[in-house]
Amino acid sequence: MSTDYKFEGWLGLDAGSVDGKMQWKEFEPKPWEETDVDIKISHCGICGSDLHTLRSGWGPTNYPCCVGHEIVGTAVRVGSQVKHIKVGDRVGVGAQSESCVGRKGECNECATSNEPYCTKHFAGTYNGVFMNGGKSYGGYALYNRSPAHFAIKIPDAIPSAHAAPMMCGGVTVYSPLKHYGCGPGKTVGIIGIGGLGHFGVLFAKALGADRVVAISRKSDKRADALKLGADEYVATAEDTEWMANNKRSLDLIVCTVSSSKMPINDYVSLLKVDGTMIQVGAPEDGALTIPAFTLIANRVKLGGSLIGSPDTIREMLELAAEKGVKPWVEERPMKDANQAIKDMDAGDARYRYVLVNDH
């Protein structure tokens, strides 16, 4: 069945596309299945992962590639086997759009709502390959086709421009905060106050943490962090006493920094005995070292976390609607996507750019 709309978007054709050289072209979505949904995209957040992928920073990208996995729009075609979405619904898709969930021999992770950790198959919303052989194209586009299991209805209380960056950026920090017990009685540190980090502060407060400490290199984001809800701010490059003043003070740390050169031993030293540090930033400049002696001496844990399952995204959106979580976004026209990714790469976003289609 052909559609009366075309799948067109910004395609990266090589690693130089990250320098604002994406080209607007038509592309072929995955072959249609009756478990799919077509989405007319209204909004798509710009994620750091988009830049890593455009430049082949995490490994060779399968060009041409249309990035964007913070998608919100309207369902315009819904497969006959889809029960939770109907045409006209406002839905979102995050960083994952397929796993083995619901298929014969479904893995234990998918059976327990841990789809991001599927042991058999993972298709990213872009630069991935679906089980039917189709290629995944993301949200810097007019339309998106994805398996409907990974399409989430957006609560009425959340504007589309706010919901879009929650689909990846928001859930990437919400998931470890919730999983590792952020809530009343806990002191929580968020390292890196950018697109992910600002969500970390917002969701740590929404989950009821007693004290939230925003940690960054410089003091230029102090006012923003406090306005977002942080109780304290630490500028590690400017405060010579930051370690002495904050050692063993945090129950949980979520680190959003994507650099192998960060002082990870110092960060781990901020944990109380039995505390946990979770890394969500993925460096492309080398591996992180393991601060073995500090882990041993303080009986602390160092771990990682990958995005969030559809159920986790729904849970996050319900909390955001209930608590009035409002990310700081700047809307940019879809036609200006090349300039927007250059501005994102330059660190100008405060704190998330969201591309908006004018159709």
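Residues numbered from 1 in each chain as written. Predicted model: local features only at pLDDT ≥ 70, side-chain atom pairs only at ≥ 80, totals over all residues. Heavy atoms only, no water.

- As recorded in an unreviewed UniProt entry, the protein chain goes by alcohol dehydrogenase (NADP(+)) and comes from Emericella nidulans.
- For the record of the protein chain, the UniProt heading Sequence similarities (unreviewed entry) holds the text "Belongs to the zinc-containing alcohol dehydrogenase family."
- Per UniProt, the protein chain carries the Subunit (unreviewed entry) text "Homodimer." (UniProt positions renumbered as here; feature names shortened; annotations may be inferred.)

**Some words on the overall build of the protein chain**
Alright, step 1. Helices and strands together make up the secondary structure of the protein chain, namely 10 helices and 17 strands.
Alright, step 2. Taken over the C-alpha atoms alone, the protein chain extends approximately 65 × 40 × 40 Å along its principal axes.
Alright, step 3. Across the 359 residues in the protein chain, those meeting the buried criterion constitute 57%.
Alright, step 4. By sequence separation, contacts in the protein chain at least 24 residues apart represent 70% of the contacts at least 6 residues apart.
Alright, step 5. When the accessible surface of the protein chain is totalled, it reaches about 14,800 Å², and 49% of it is carbon and sulfur.
Alright, step 6. Here the protein chain contributes 39 positive and 42 negative side-chain charges, whose respective centroids are spaced 2 Å apart. (Helix = DSSP H or I, 4+ residues; strand = E, 2+ residues; numbered from the N terminus. Buried < 20%, exposed > 50% of the residue type's maximum accessible area, 1.4 Å probe, protein only. Contact = heavy atoms within 4.5 Å. Areas by Shrake-Rupley, 256 points an atom, 1.4 Å probe, with all protein chains shown as cover. Lys, Arg positive; Asp, Glu negative; His and termini not counted. Charge placed at Lys NZ, Arg CZ, Asp CG, Glu CD.)

**With respect to a nonpolar patch on the surface**
Alright, step 1. A contiguous nonpolar patch, built from Tyr-117, Phe-122 and Leu-306 and spanning about 260 Å² of accessible area, is present on the exposed surface.
Alright, step 2. As for its position among the elements, Phe-122 is in the loop between α2 (108-111) and β7 (123-124). (Patch = residues over 30% accessible without salt bridge, like charges linked within 9 Å, V, L, I, M, F, W, Y side chains within 5 Å. Salt bridge = Lys/Arg side-chain N within 4 Å of Asp/Glu carboxyl O.)

**What to know about empty space enclosed by the protein**
Empty space among the atoms can be located by rolling a probe the size of a water molecule over them.
Alright, step 1. Summed over all chains, the structure comprises two cavities of 30 Å³ or more.
Alright, step 2. The volume enclosed by the largest cavity comes to roughly 70 Å³.
Alright, step 3. Around the largest cavity sit Gly-94, Ala-95, Gln-96, Phe-150, Met-167, Val-171, Ile-307, Gly-308, Ser-309, Pro-310 and Ile-313, which together line it.
Alright, step 4. The class makeup of the residues in the lining of the largest cavity is seven nonpolar, four polar and no charged.
Alright, step 5. In terms of lining residues, the second largest cavity is bounded by Val-213, Ile-215, Val-234, Trp-242, Asn-246, Ser-249, Leu-250 and Leu-270.
Alright, step 6. Within the residue set of the lining of the second largest cavity, elements represented by two or more residues are β11 (211-216) and α6 (242-246). (1 Å grid on protein atoms, 1.4 Å probe; cavity = no way out; pocket = protein on both sides within 12 Å on 5 of 7 lines; lining within 4 Å. Points joined across faces, edges and corners; volume = space filled by probe spheres on them. Nonpolar A, V, L, I, M, F, W, Y, C, P; charged D, E, K, R; others polar.)

**A look at a negative patch on the surface**
Alright, step 1. A grouping of Asp-220, Glu-238, Asp-239 and Glu-241 is seen on the molecular surface, where their side chains present a negatively charged patch.
Alright, step 2. Of note, Glu-241 is situated in the loop between β12 (232-235) and α6.

**Re the sheet that holds strand β13 (residues 250-255)**
Alright, step 1. One open sheet holds the six strands; their spatial order is β12-β11-β10-β13-β14-β15, and the pairing between them is parallel. Edge positions in the sheet fall to β12 and β15 (301-304), since each has one partner strand and no second. For this sheet, the mean inter-axis angle between neighbouring strands, taken without regard to orientation, is 20 degrees.
Alright, step 2. Sheet topology note: the β11/β12 ladder contains four bridges and is parallel. Residue Ile-215 lies in a different strand from β12, and its bridge partner there is Val-234.
Alright, step 3. Those strands touched by helix α3 (residues 160-179) are β10 (187-191), β13 and β14 (271-279), and its axis lies near 155 degrees from that of β13. (Pairing = 2+ DSSP bridges. Axes fitted to C-alpha atoms, helices over the stretch in contact; angles between N-to-C directions.)

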